[in-house]
Amino acid sequence: MRLLILITSFIISFSAFSSNQVGKVTHILVRDDGLHWFYIEGERTDKPQCAKNNYWMIKDEHSVYGKSQFSLLLSAYMSDSKVVITGKSSCERWGDGETIGTVQLTKK
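Calculation rules
Residues numbered from 1 in each chain as written. Predicted model: local features only at pLDDT ≥ 70, side-chain atom pairs only at ≥ 80, totals over all residues. Heavy atoms only, no water. Disulfide = S-S within 2.5 Å. Helix = DSSP H or I, 4+ residues; strand = E, 2+ residues; numbered from the N terminus. Salt bridge = Lys/Arg side-chain N within 4 Å of Asp/Glu carboxyl O. Buried < 20%, exposed > 50% of the residue type's maximum accessible area, 1.4 Å probe, protein only. Polar contact = N/O pair within 3.5 Å; in protein donor to acceptor, adjacent residues only side chain to side chain. Contact = heavy atoms within 4.5 Å. Core = buried A, V, L, I, M, F, W, Y, C linked by side-chain atoms within 4.5 Å.

Participant: For the state of the cysteines, give the residues involved together with the corresponding values.
Facilitator: One pass over the full model with this rule turns up one disulfide. Between the sulfur of C50 and that of C91 lies a disulfide, 2.0 Å long from S to S. Across the S-S bond of C50 and C91 the torsion is about 85 degrees, and the bridge reads as right-handed. In this pair, C50 sits in the loop between β3 (44-45) and β4 (56-57) while C91 sits in the loop between β5 (82-87) and β6 (98-106), placing the two residues 41 residues apart along the sequence.

In structure tokens form, the structure reads like this:
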């Protein structure tokens, strides 16, 4: 039972340290090999050690969720709306840029 509580506490505390940022999209970049990354304005919290730069990475731009994330980012950029980005606390797609977990388009 103690082991279960310890593991659950670890998982909850790990997810609590996900990076977050709220702001307007300032740059969207796409490379010829398919790499998609972007910058947003505003304060960023709890950036993981691997994220040496302030940009965010779409993990798989060819997947349905990656295309949806990119679409939301383009919509936010074109409408000058804010987004809420939650990171995955890892740099899966590129070694020095945090992979995004969620993109939320907001009017706030």
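Participant: Requested: an account of the pattern of salt bridges, with residues and values cited.
Facilitator: Using the criterion set out here, one finds six salt bridges in the structure. For the salt bridge of R93 with E61, the shortest nitrogen-to-oxygen distance reads 2.8 Å. One end of the pair, R93, is in the loop between β5 and β6; the other, E61, is in the loop between β4 and α2 (64-79), with 32 residues separating them in the sequence. What makes R93 partly exposed here is its relative accessible area of 23%.

Participant: Outline the side chain of S19, supporting the account with residue identities and numerical values.
Facilitator: As for its position among the elements, S19 is in the loop between α1 (2-16) and β1 (20-30). We classify S19 as buried; its relative accessible area is 0%. For S19, the side chain forms a polar contact with the main-chain oxygen of T45, separated by 2.9 Å. When neighbours within four sequence positions are excluded, S19 is seen to be in contact with R44, T45, D46, K47, P48, W56, I85, T86, G87, S89 and E98.

Participant: Provide a residue-level description of the nonpolar core, including the pertinent values.
Facilitator: Core analysis: the biggest nonpolar cluster contains 11 residues, these being V25, F38, I40, W56, I58, L73, A76, V83, I85, I100 and V103. Listed by contribution, the elements that provide at least two residues to this core are β2 (36-40), α2, β5 and β6. Apart from the residues within four sequence positions on either side, I85 is in contact with S19, N20, Q21, F38, I40, W56, L73, I100, T102 and V103.

Participant: Could you give me a rundown of the environment of E61, with the residues and numbers involved?
Facilitator: Residue class for E61 comes out buried when judged on its relative accessible area of 8%. Sequence separation between E61 and R93 is 32 residues; the distance between their C-alpha atoms is 9.9 Å. Once residues lying within four places of it in the same chain are set aside, the contact partners of E61 are G34, L35, H36, G66, K67 and R93. Within the structure, E61 has its side chain in polar contact with the side chain of R93 (distance 2.8 Å).

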